[in-house]
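A structural walkthrough
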Amino acid sequence: READKSVAGARSRLDEVRDARGQSEKRRQALRAEQARTQALLASERDALAAQLRSAYVAGREEQLRVLLNAGDPATLGRMLGYYAYFGRARAANIAMIDEQMTRLDELDQELAAEEAKLAELEQRRRQEVGALDSARDRRETALGALQTRIASRNMELRELRSNAAALERLVEQLRAAIDEFDAGEVA
């Protein structure tokens, strides 16, 4: 009975681990969705940065010098140099954002791997526990079967001995009766 209770408890704990693994699977799906969104954002940012870099390359380094030399109005010149500075800061911000997104993707990958490893190890331990308890229960059932066979054999021996004892008692009674008859025949 205790072995059955232990097996039932182990199976219950295994079910709890499987439930936790199901919940973890939901969490991993959410992490995968976040990872997909992050990858899409990263791809978009890379494309935008690539377009900006292509545009800057096509314009060449001389573009700022050309603006400086061609600008007749100092206000226009100041405005154009402000635009170039703005685009430079925007590029730097995009590069920083891409770097952050790549770091976040690495973190998500590590979280997913750690969660999976933890749950797989826990489920494996629970399976081993259930296996060990099942094995112990099987050994107990084998021993119980052997004991029942032995008890049945002993019961059969006991019945045979009782039958022999009853037969011996009848024989003793017959012998007494025969002795009593013999003694009575000698006396007469």
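Each value, and the rule that gives it
- Residues numbered from 1 in each chain as written.
- Predicted model: local features only at pLDDT ≥ 70, side-chain atom pairs only at ≥ 80, totals over all residues.
- Heavy atoms only, no water.
- Helix = DSSP H or I, 4+ residues; strand = E, 2+ residues; numbered from the N terminus.
- Buried < 20%, exposed > 50% of the residue type's maximum accessible area, 1.4 Å probe, protein only.
- Contact = heavy atoms within 4.5 Å.
- Areas by Shrake-Rupley, 256 points an atom, 1.4 Å probe, with all protein chains shown as cover.
- pLDDT = per-residue confidence, 0-100.
- Patch = residues over 30% accessible without salt bridge, like charges linked within 9 Å, V, L, I, M, F, W, Y side chains within 5 Å.
- Salt bridge = Lys/Arg side-chain N within 4 Å of Asp/Glu carboxyl O.
- Lys, Arg positive; Asp, Glu negative; His and termini not counted.
- Charge placed at Lys NZ, Arg CZ, Asp CG, Glu CD.
- Polar contact = N/O pair within 3.5 Å; in protein donor to acceptor, adjacent residues only side chain to side chain.

On to the overall build of the protein, then. Helix and strand counts for the protein come out as 3 helices and 0 strands. Seen in sequence order, the protein has helices and strands lined up from the N terminus as α-α-α. When each of the 188 residues of the protein is scored for burial, the buried share is 13%. Considering only contacts in the protein between residues 6 or more positions apart, those separated by 24 or more positions represent 87%. Working note: accessible area of the protein is about 14100 Å², and carbon and sulfur atoms make up 56% of it.

This part is about the confidence of the model for the protein. Residues at a pLDDT of 70 or more form 87% of the protein, whose mean pLDDT is 79. Per-element confidence in the protein is highest for helix H3 (residues 74-187), whose mean pLDDT is 83, and lowest for helix H2 (residues 62-70), whose mean pLDDT is 61.

Here we take up a negative patch on the surface. On the surface, Asp-180, Glu-181, Asp-183 and Glu-186 cluster together into a patch of negative charge. Mapped onto the elements of the fold, Glu-181 is located in helix H3.

Let us look at the environment of Arg-176. Relative to the elements of secondary structure, Arg-176 occurs in helix H3. A polar side-chain atom of Arg-176 sits 3.2 Å from a polar atom in the side chain of Glu-173.

This paragraph deals with the pattern of salt bridges. Enumeration over the complete set of coordinates arrives at 2 salt bridges. A salt bridge links Arg-125 to Glu-121; the shortest N-O distance between them is 2.6 Å. Residue Arg-125 and its partner Glu-121 are located together in helix H3, separated by 4 residues, close to a single helical turn. The exposure class of Arg-125 is partly exposed, given its relative accessible area of 40%.

Our focus in this paragraph is a nonpolar patch on the surface. On the surface, Tyr-83, Tyr-86 and Phe-87 cluster together into a nonpolar patch covering about 360 Å² of accessible area. Locating Tyr-86 in the fold gives a position in helix H3.

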